[in-house]
Each structure stands twice: as structure tokens, then as C-alpha cells.
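The primary structure of each chain is shown beneath.
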Amino acid sequence: MKLVPHWVSGSEFAGNGARRGEVFDPAKGIQSKEVAFADQSDIDASVAAASAAFPSWRDTSLAKRSAIMFRFRELLDAKKGELAEIITEEHGKVVSDALGEISRGLEVVDFACGLPHLLKGEYSENASTSIDVYSMKQPLGVVGIISPFNFPAMVPMWFFPVAIAAGNTVVLKPSEKDPSSAMWIARLLSEAGLPDGVFNVLHGDKVAVDGLLEHPEVRSISFVGSTPIAQYIYETAAKNGKRVQALGGAKNHMLVLPDADLDLVADSAVNAGFGSAGERCMAISVVVAVEPVADDLIPKISERMKQIKVGDGRRSCDMGPLVTKQHRDKVASYIDIAASDGAEVVVDGRDVNPDGDAGGYWLGPTLIDRVPLTSKVYREEIFGPVLSVVRVASYEEGLELINSGAFGNGTAIFTNDGGAARRFQHEVEVGMIGINVPIPVPVAYFSFGGWKHSLFGDSRAHGEEGFRFFTQTKVVTSRWLDPSHGGLNLGFPQN
Ligand code: NAD
């Protein structure tokens, strides 16, 4: 069985830990690789490599850092097809969607190429007589990044280009379910000229994560994953004195007003509900239909669902399998829960006939109408191709529903009424909002992150907030003495 090793100091490192994780090909339903699981000595080795590389990387000129970032950007763009195949083989999403994920990650690399501008400080001449005050942004040191399975390339790219550009060194702990993308990226960064030890990959489970959370030389943690783990990461990292941003789960609602273009709504609900088999933190999982639209909208959605070709992502399909058998079975169990809670299963994805091996972790697109608000189907993040419909009487009822949810990652409104859309963007308690756009993932020069239980900590990913997260500011107050300096003064300078 092929082993996915760690990446430490610019080379593969099998590690000392004896434990291994299984990596599956979800479209075939077979184990394809095993991945090394770090023990304490492997954690120490990866952090030591990043610590050793830090002083000279911090002192590398902005011009050299940005040249490496540009080379990485060009190589990634040229070779992205290779990475997309790796993503599809381990995650299951179709190749075109894997390419889409890489493009969104590339945007952050583009953004990080502008690092000299983003790292500029401020300067006030003569803040007091003959005293100048200026600020500078310096890197933190070794930073830890812990990423989820659903975007094995894009989510690490939300953080490491910014962290590295700002002069930090990185230990990335990718998801153990699809660990090979991180290794491919590590090799590419080396090819782009990144010095050894600036980017390291540590594989594993809770042991590896806890090792980073506890390690005194790790200065910050950037985490993306489910809400219970995000909360644990936030609390533990903060308790250990680290800077932390922990992005959690989601349950994203699409509010449909009666004046909306229902064909656009149906296209958007299907694309945003079933793209990547619903394994996206910005997937739409609940359509909130303001009556009387539901009766017209549901047939339009079900009609489009019939056209979705489910199958092996390497073939010409629209939607791949779920990531593991366990996850597939968990998602499918919500269909039974819906039926027993009195909801109406309009399309049952368990009846799917996929274009792929029988052993694959298949579940077709599923549509459930009249989902009770008390049902787990409404209340929990399902993270699969299950789209719920909830009917409400008014805009106000829909807004109240969205605002009373535990999550606040993304939401969308579909309407032709500019006033209603403007009111929604003001009143809704969610971090990322789409207006007639179903998956409102901000471009890289804005920041990504939700509200409430979708983000613990006060910094979102990339954009200016990303640079702020990965730097610390020093303010210098300076006076170069001239012959006229005079006398004692125990108070603050007044002029
Ligand atoms: P997960 O929480 O199971 O795992 C995320 C990371 O945490 C992985 O690296 C994993 O190894 C590690 N981990 C798992 N259990 C742990 C534990 N007990 N202690 C310490 N570390 C642990 O998430 P996932 O299933 O890989 O990804 C899906 C989740 O991520 C969904 O909830 C989704 O909404 C969320 N997500 C959120 C965003 C966002 O931007 N808010 C983006 C992508 C995914």
C-alpha cells in the first residue's frame, strides 16, 4: 500500500509514528493509500524545521519573497490539471470542480503576490516636535494551519500564501481523508524556490492537531472544519496563548421572494445545493420559499435534478460520490429522519444509478419539502446532496428564521426588488451574502468568514484581515537628537 509521508525541511519524511490512516478512492470504494499519522516526535520535527527556517525567511527581502510567490503562481497555473486529478481521486468531486477549487486558491496566491504593498507600515513625521512615529508589520514565526477534507487545495491556499508572503513559516496539517494534495503543493513550492523548512506538512489525526495546539513555538492556528472541533481549537489555542482563527460549519439558507425569476432560482438552488455533492461550507442546504412560490419552484428544481449525471469524477459527470462510506451512510440517514418527522421526500437520492463502480459511496441529489423546523434535517449541518425546502408566509418570517439559526456562514436572497435586497443585506445576521448569487464566496482581496458558530475568533481568511492575522505590528517612536534638546520633563510631550 502506497504511503503518503510527511513533508519536513523540503523532503518526504516517513516519520516515527507507527499509526497509519486509510485513504480511499470514493468512486471505487476501495482503499488506495495509507497516510502516516504523526506522533510527538514527528510533531516536534516539523515544528523544529519551521522554527529553524524562520529567521532567514523573515529576513528575506520582500522582492525575493514576492518573486517566489510569482513563480509558484505560474507553476500552479501550468500544472493545475495534475492537482485536480489528485483531488478527484481522494475526495471524489468531478475534475472540473476540482479545477474550480484550484482557481479560487490561485486567486489568493495572486493576492499574496502583492505582499510588498500589503506589508507597508505607516509613518508620521513630527508627531511631537522632532519626534517621528512609525509602524511596521512583522511575521509571527511558526504558524499552524489545520484544514478539512472538502477543499484539500483551496482551504490551505486561503492561508499559507498569505502566511508565507508575510514572512512566517508553516506547518500544515491537512485532512487525513485526502492528504496528497498538500504533498503535491509542497513539492511545487520547493520547485518555485521556497527554502526548505518554510512550508511543512504534518499528517495525522487529533494527536497531530493537539501537538500543534500545545507546542510553544507555534504562534498561531488557522483552522477550518466542523463547528464542534472549531470551538475546541479556538478555546485550546487561546488558552495556550496563541492567535487563532477557527472557521466552523454552516447551514446556508436561500430566501426566495415571490417576485424572483424562478428559473434562475431553480438553476441556482441545484448548482449550489448539489455541486461537489453538497460537501461545501457555502452550499445552499435550505430553500426558504416565501409563499406562494414553493408550488411553482419545486417542480422546476426536481426537473433539473433529473438532468444531474452522478458518477466517477474522472468520467463526464456532474456530481461525484461522497468522501467516505461512513459519511455517505450518515447523510443518507437524514432521508429516513425527514420522512419520520413528517417531511415530504420529493426526490430520494438513494435511488441513484451512478456511472461508476458499484462499491462507490454514491448518493444522488435529494429534495425534501415541508421540513419541520424541529427536525434534525433542518437543524443540523448535513454536508451532503440533500436540499430542504421550508415554506414561510413573508419576508419577515424568512429573515427571522435565518437569523435564529446557530450558524451564520453564507446566505442568499433571490428577488427583483432592489429595496428588499438592500433591506436583507442590512438585516441578516450572516457573514457572506449573495443577491441573486447562490454561493457568495468573496474574491481573495476581500476576506472569507462567517458569523456566530461559523467562525470563532475575530479574523477571517485572506484579504487584508489575513495579512493582519499573520503579522504583528511594532510602533516605533524615534528622536534623533540635535544640539537644542533640552532639560528634564517628566510628563508626556505636549507639542
Ligand atoms: P472536521 O472538523 O472533521 O476536520 C477538520 C480538521 O480537524 C481535520 O484536519 C481533522 O483531522 C481535524 N480533526 C478532526 N477531529 C478532530 C478532533 N477531535 N480533534 C482535533 N482535530 C480534529 O471537518 P471535515 O469533515 O474535514 O470538513 C467538513 C466540515 O468543515 C464541515 O462542517 C464544513 O462546514 C466545514 N468547513 C467550513 C468552512 C468554512 O469556511 N467555514 C470551509 C470548509 C469546510
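Below you will find a few notes about this structure.

How each quantity is defined
- Residues numbered from 1 in each chain as written.
- Predicted model: local features only at pLDDT ≥ 70, side-chain atom pairs only at ≥ 80, totals over all residues.
- Heavy atoms only, no water.
- Near = heavy atom within 4 Å.
- Polar contact = N/O pair within 3.5 Å; in protein donor to acceptor, adjacent residues only side chain to side chain.
- Areas by Shrake-Rupley, 256 points an atom, 1.4 Å probe, with all protein chains shown as cover.
- 1 Å grid on protein atoms, 1.4 Å probe; cavity = no way out; pocket = protein on both sides within 12 Å on 5 of 7 lines; lining within 4 Å.
- Sits in = over half its atoms within 2 Å of the grid points.
- Helix = DSSP H or I, 4+ residues; strand = E, 2+ residues; numbered from the N terminus.
- Buried < 20%, exposed > 50% of the residue type's maximum accessible area, 1.4 Å probe, protein only.
- Contact = heavy atoms within 4.5 Å.
- Points joined across faces, edges and corners; volume = space filled by probe spheres on them.
- Pairing = 2+ DSSP bridges.
- Axes fitted to C-alpha atoms, helices over the stretch in contact; angles between N-to-C directions.

1. Things to note about the site of the ligand
Point 1. Around the ligand sit 26 residues, and of these K173, E176, S226, G248 and E381 come closest.
Point 2. One nitrogen or oxygen atom from the main chain of F149 is found 3.0 Å from an oxygen atom belonging to the ligand.
Point 3. Between S226 and the ligand, the recorded distance is 2.7 Å, taken from a side-chain N or O atom to an oxygen atom.
Point 4. When isolated, the ligand has an accessible area of 840 Å², and the protein chains bury 88% of it.
Point 5. Using a 2 Å cut-off from the grid points, one finds that the ligand occupies the largest pocket.

2. Some words on the environment of I337
Point 1. Along the polypeptide, I337 turns up in helix α11 (residues 325-340).
Point 2. Judged by its relative accessible area of 22%, I337 falls in the partly exposed class.
Point 3. It is 7.1 Å that separates the C-alpha atoms of I337 and V377, two residues lying 40 residues apart in sequence.
Point 4. Residues contacting I337, with those up to four places away along its chain left out, are S375, K376 and V377.

3. Side note on the layout of surface pockets
Once rolled over the atoms, a probe with the size of a water molecule shows which space is left empty.
Point 1. The volume enclosed by the largest pocket comes to roughly 990 Å³.
Point 2. Lining the largest pocket are 39 residues, with F149, K177, G225, S226 and I229 positioned closest to its centre.
Point 3. Secondary-structure elements contributing two or more residues to the lining of the largest pocket are α5 (154-165), α7 (206-214), β11 (218-224), α8 (227-239) and α11.
Point 4. Here the lining of the largest pocket gets five residues from one element, more than from any other, and that element is α8.

4. Looking at the sheet that holds strand β7 (residues 131-139)
Point 1. The strand order across the open sheet built from three strands is β6-β7-β23, with neighbouring strands paired in antiparallel fashion. Each of the sheet's edge strands pairs with one partner strand only, and the pair in question is β6 (123-128) and β23 (471-479). Pairwise comparison of adjacent strand axes, ignoring direction, gives a mean angle of 30° for this sheet.
Point 2. Strand direction decides the pairing type here: β7 and β23, joined by nine bridges, are antiparallel. Residue pairing across strands places S135 opposite V475, the latter belonging to β23.

5. Remarks on the sheet that holds strand β20 (residues 432-435)
Point 1. One open sheet accounts for seven strands, arranged β15-β16-β17-β14-β13-β19-β20; its pairing is mixed. The outermost strands of the open sheet, each flanked by one partner alone, are β15 (344-347) and β20. Neighbour-to-neighbour, the strand axes of the sheet open up by a mean angle of 20°, direction not taken into account.
Point 2. Pairing between strand β16 (residues 366-369) and strand β17 (residues 386-392): three bridges, direction parallel. Paired with I368 across the two strands is S388, which belongs to β17.
Point 3. Strands in contact with helix α9 (residues 262-274) are β13 (252-256), β14 (284-290), β16, β17 and β19 (410-414); relative to β13, the strand with the most contacts, it is inclined by about 175°.

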